[in-house]
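Descriptive analysis of the structure
Residues per chain are reported as follows:
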Protein chains: 2
Amino acid sequence: MLRPELHLPPAPLLIRAFVAASPPLSRLHCFGALRLDRARPPPLRGKPSSTLRASASDAAMARAPEMAQREVAQALEAEAVARLGPRLLPSAVPADVAEFRNGAGNAVGSLDVRRGAPGSSIDFMLQSSLHCKVPNGAIDITSILIFLNASTDAPHFLMELIQGSRTSIVVILDLLPRKDLALHPDYLQKYYENTQLDRQRGKIDELPQARPYLSPSLFVRSAISPTAISISIDCGQGGECNLEEIVRGQLATVAKEFLQIWLDSCADSTAEMEEAERECLLKRDQTVRSKSIEVDLTANLPRMFDPDVSSRVIAEIRKAFGVQEP
Amino acid sequence: MLRPELHLPPAPLLIRAFVAASPPLSRLHCFGALRLDRARPPPLRGKPSSTLRASASDAAMARAPEMAQREVAQALEAEAVARLGPRLLPSAVPADVAEFRNGAGNAVGSLDVRRGAPGSSIDFMLQSSLHCKVPNGAIDITSILIFLNASTDAPHFLMELIQGSRTSIVVILDLLPRKDLALHPDYLQKYYENTQLDRQRGKIDELPQARPYLSPSLFVRSAISPTAISISIDCGQGGECNLEEIVRGQLATVAKEFLQIWLDSCADSTAEMEEAERECLLKRDQTVRSKSIEVDLTANLPRMFDPDVSSRVIAEIRKAFGVQEP
């Protein structure tokens, strides 16, 4: 239902990002992205694959770099798959969406969606990755979303890692609320206070390299929870080693804790709801998903991928989200 | 309806606050406070006023210090009163709540509540101030709240300034939303995007002395808007002059802009609402007000004032908020 946004920077920002390092990244809209690992060149509609192979930059894109952020995502995925087991159906994404690239050969991505098994509370698990070369480097985005259906009102799981240089990363990690927390203090207490999520948030917040990341989208700011980790970690020039260490260390630990809390408190939950309550939940889920796709994917994906590629990918995400084209 | 919280620091924090300066303040729960200016010793129930006069510390409290934060609040009050005119009824707070102090003479406060005139959209305007001596200094809190009734769904106005030393201040400034922003993107757009509030927030955020202030109360974090100013300004040791300048300068300017936007966009608005919508609004208002009083006033006021004084003050705030004792 709920599709986090991919807020890639508008084109001029994309270029500035790698001239001026972190400030433009700090203006990135999050969440949601497209996953990449070891992409094989998929057949692109309307373009012979020989065109792609002829491109030197494309050859360089045959594999996306191994990165700490991808290791973290893979570890979370493995944990979620192990715990959710048969509640996740096999992947059902067409090959040309599972892995895709743009004609210019400077961007590759992947998307995987596994629906929840009938009768389970899982709506879908979506993983996405994106690797996009820009003048002075590359942008790498990895996301994992596990969304629940209306058999429960428990929060969704969301992680997004957006790296615009070797020394800085934006992290969005949240149990995404599905109710108005100011109207439902019991819900706030159950999922956010009792689970001590804020203590986990604090572990990242206290890193000297961490600064709060405020999404430029007021909608994103409204949708995330009060215990969301929304920060940028900036190790400054020459801090490559430090950043990888932090991502593999403190960040990986806290991300696993968030997932663990979600698996323990949310993934198995069911909720008795009155009809009006369930309708409100469905409407909220739908609004957040639609709005996310609108302000994020449809605005940004076509900047990085050829129109036919971005359309295919967006259509697949809409299908997972259960959201129609407006 | 909606009563912002007064989150005075728990007793040990109050003491630490003035030994170790800003860190404990950064843990203060906000919002809501009690106003003080030039308090005259009011008659305290059950205590002869001679007892108070006999206290040396009490004599020292005859006047609270003039401070930049009080000037800012007074200027906002004057602007609001000028614009709202006859829509505000005269103050109706008993004398022993309008100004009050504790028996030990180390804390004085004042509270003023003006109800909205019948037929107007104003529910009440509440101003409060508190001055409390602590071992190494004093804590000063000034608040202005202007709350609307259910003839409109427009946001309330809220400002709270909490100063724990001469060099640092916590600022909460917001148009407090009355709807679930993730469910109502149109509301978000109308009151928060179209009004360019985030640009005002940015003016304070970019001050080199400003750091985000994250309330320890998840409820407060959930209740404020995505454009809320929630920061601490810390001028460090010896930075007295700077802080007063910032409060009288950039902070005063932005606070006036917030009030102006509220006066222009919210104070006169009315909203056609279906019965179910109005019920939801009323329930939300009520929940936020009750929760605020619970986690704030009833927990904290008795730490600073004698029980009879805090009871009187809390009762008056409950009355303004339209919230019953639980």
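See the structure shown above.
Here the structure is a predicted model, which is why all the values come from computation and not from measurement. (Residues numbered from 1 in each chain as written. Chains lettered and ligands numbered in written order. Predicted model: local features only at pLDDT ≥ 70, side-chain atom pairs only at ≥ 80, totals over all residues. Heavy atoms only, no water.)

**A short note on the overall build of chain A**
Tallying secondary structure elements over chain A gives 12 helices and 10 strands in all. Classification of the 326 residues of chain A by burial places 61% in the buried group. Here the analysis covers contacts within chain A between residues at least 6 apart in sequence; of these, 73% occur between residues at least 24 apart. Of the roughly 12400 Å² that chain A leaves accessible, carbon and sulfur atoms contribute 53%. (Helix = DSSP H or I, 4+ residues; strand = E, 2+ residues; numbered from the N terminus. Buried < 20%, exposed > 50% of the residue type's maximum accessible area, 1.4 Å probe, protein only. Contact = heavy atoms within 4.5 Å. Areas by Shrake-Rupley, 256 points an atom, 1.4 Å probe, with all protein chains shown as cover.)

**Focus on the interface of chain A and chain B**
Across the contact, 25 residues belong to chain A and 25 residues belong to chain B. Interface area for chain A against chain B, summed over the two sides, is near 2200 Å², with a carbon-plus-sulfur share of 68%. The interface formed by chain A and chain B contains 4 salt bridges. Scanning the region where chain A abuts chain B turns up 6 residue pairs in polar contact (both at pLDDT 80 or more). Only helix 7 (185-193), helix 8 (197-205), helix 9 (218-223) and helix 11 (275-304) of chain A provide two or more residues apiece to the side of chain A that touches chain B. (Buried area = accessible area lost by both parts, 1.4 Å probe. Salt bridge = Lys/Arg side-chain N within 4 Å of Asp/Glu carboxyl O. Polar contact = N/O pair within 3.5 Å; in protein donor to acceptor, adjacent residues only side chain to side chain.)

**Side note on the environment of Gln69(B)**
All names here are of chain B. Considering the arrangement of structural elements, one finds Gln69 in helix 5 (residues 68-84). By relative accessible area, which is 1% here, Gln69 ends up buried. Counting along the chain gives 11 residues from Gln69 to Ala80, while the straight-line C-alpha distance between them is 17 Å.

**A closer look at the packing of aromatic side chains**
All names here are of chain A. Counted under the stated rule, the structure contains 12 aromatic pairs over all chains. Taking 5.1 Å as the distance between ring centres and 65° as the angle between the ring planes, the aromatic pair formed by Phe100 and Phe305 counts as edge-to-face. Here Phe100, found in strand 3 (residues 99-101), pairs with Phe305, found in the loop between helix 11 and helix 12 (307-321); they are 205 residues apart in sequence, far enough to count as distant. Between Phe157 and Trp262, the ring centres sit 6.2 Å apart and the planes meet at 55°, which makes this aromatic pair tilted. Of this pair, Phe157 sits in strand 7 (residues 156-163) while Trp262 sits in helix 10 (residues 240-265); the two residues are 105 residues apart in sequence, bridging distant segments of the chain. Comparing Phe157 with Trp262 shows no difference in burial state: the two are buried. What links up through ring pairs into an aromatic cluster is the set Phe124, Phe147 and Phe321. One residue, Arg289, lies across the ring of Phe321, its end atom 5.8 Å from the ring centre. (Phe/Tyr/Trp six-rings, centres within 6.5 Å; stacked < 30°, edge-to-face > 60°. Lys NZ or Arg CZ within 6 Å of the ring centre and 35° of its normal.)

**Section: the relation of the copies chain A and chain B**
Rotating chain A by 180° and translating it 0.0 Å along the rotation axis places it on chain B, where the RMSD comes to 0.0 Å. The two molecules are tied by a two-fold rotation axis, judged by turn and shift. For chain A, the minimum C-alpha distance to the rotation axis belongs to Asp180(A) and amounts to 2.8 Å. Both copies contact each other with a shared surface, as 100% of the interface residues of chain A are interface residues in chain B too. (Least-squares fit on C-alpha atoms with pLDDT ≥ 70 in both.)

**Observations concerning the pattern of salt bridges**
Scanning all chains against the criterion turns up 35 salt bridges over all chains. The structure contains a network of salt bridges with shared partners spanning Arg115(A), Asp123(A), Arg178(A), Asp285(A) and Arg289(A).

**A short note on the pairing of strand 4 (residues 107-115) of chain A**
Remember that side chains alternate between the two faces of the sheet whenever the strand is regular. Residues and elements named next belong to chain A. In terms of burial, strand 4 is largely enclosed, as 8 of its 9 residues are buried. Bridge count between strand 3 and strand 4: 3 bridges; the pairing is antiparallel. Each residue of the ladder has a partner; that of Phe100, found in strand 4, is Gly109. From the end of strand 3 to the start of strand 4, which pair antiparallel, there are 5 residues, and Gly105 there has a positive phi angle of about 80°. In terms of strand pairing, strand 4 meets strand 5 (residues 122-134) through 9 bridges, oriented antiparallel. Its bridge partner being in strand 5, Asp112 is matched across the sheet by Gln127. Linking strand 4 back to strand 5 in an antiparallel pair, the connection comprises 6 residues, with Gly119 at a positive phi of about 90°. (Pairing = 2+ DSSP bridges.)

**With respect to helix 5 (residues 68-84) of chain A**
All names here are of chain A. For helix 5, built from 17 residues, the straight-helix expectation of 24 Å at 1.5 Å per residue is met to within 8% by its first-to-last C-alpha distance of 24 Å. Restricting attention to buried positions, one finds in helix 5 the residues Ala68, Gln69, Arg70, Val72, Ala73, Leu76, Glu77, Ala80 and Leu84. Following helix 5 by one or two positions, Gly85 adopts a phi angle in the positive range, close to 50°. (Expected span 1.5 Å × (residues − 1).)

**As for the pairing of strand 8 (residues 168-176) of chain B**
All names here are of chain B. By the criterion of burial, strand 8 is predominantly enclosed, with 9 of the 9 residues buried. Residues Ser168, Val170, Ile172, Asp174 and Leu176 line one face of strand 8 and the alternating positions Ile169, Val171, Leu173 and Leu175 line the opposite face, and both faces are buried. Relative to strand 8, strand 7 (residues 156-165) is paired through 9 bridges, and the arrangement is antiparallel. Its bridge partner being in strand 8, Gln163 is matched across the sheet by Ile169.

**What about the sheet that holds strand 8 (residues 168-176) of chain A?**
Residue and element names in this part refer to chain A. The 8 strands lie next to each other as 3-4-5-6-7-8-10-9, forming an open sheet whose pairing is antiparallel. In the strand order of this sheet, the two ends are held by strand 3 and strand 9 (210-212), each with one partner. Within this sheet the neighbouring strands show an average axis-to-axis angle of 15°, counted without direction. Relative to strand 8, strand 7 is paired through 8 bridges, and the arrangement is antiparallel. Counterpart to Glu160 in the pairing with strand 8 is Ile172. Where helix 8 meets the sheet, it contacts strand 8, strand 9 and strand 10 (229-234), and its direction lies at approximately 15° from that of strand 10. Here helix 12 sits on the sheet and contacts strand 3, strand 4, strand 5 and strand 6 (137-148); the angle it forms with strand 4, its principal contact strand, is near 20°. (Axes fitted to C-alpha atoms, helices over the stretch in contact; angles between N-to-C directions.)

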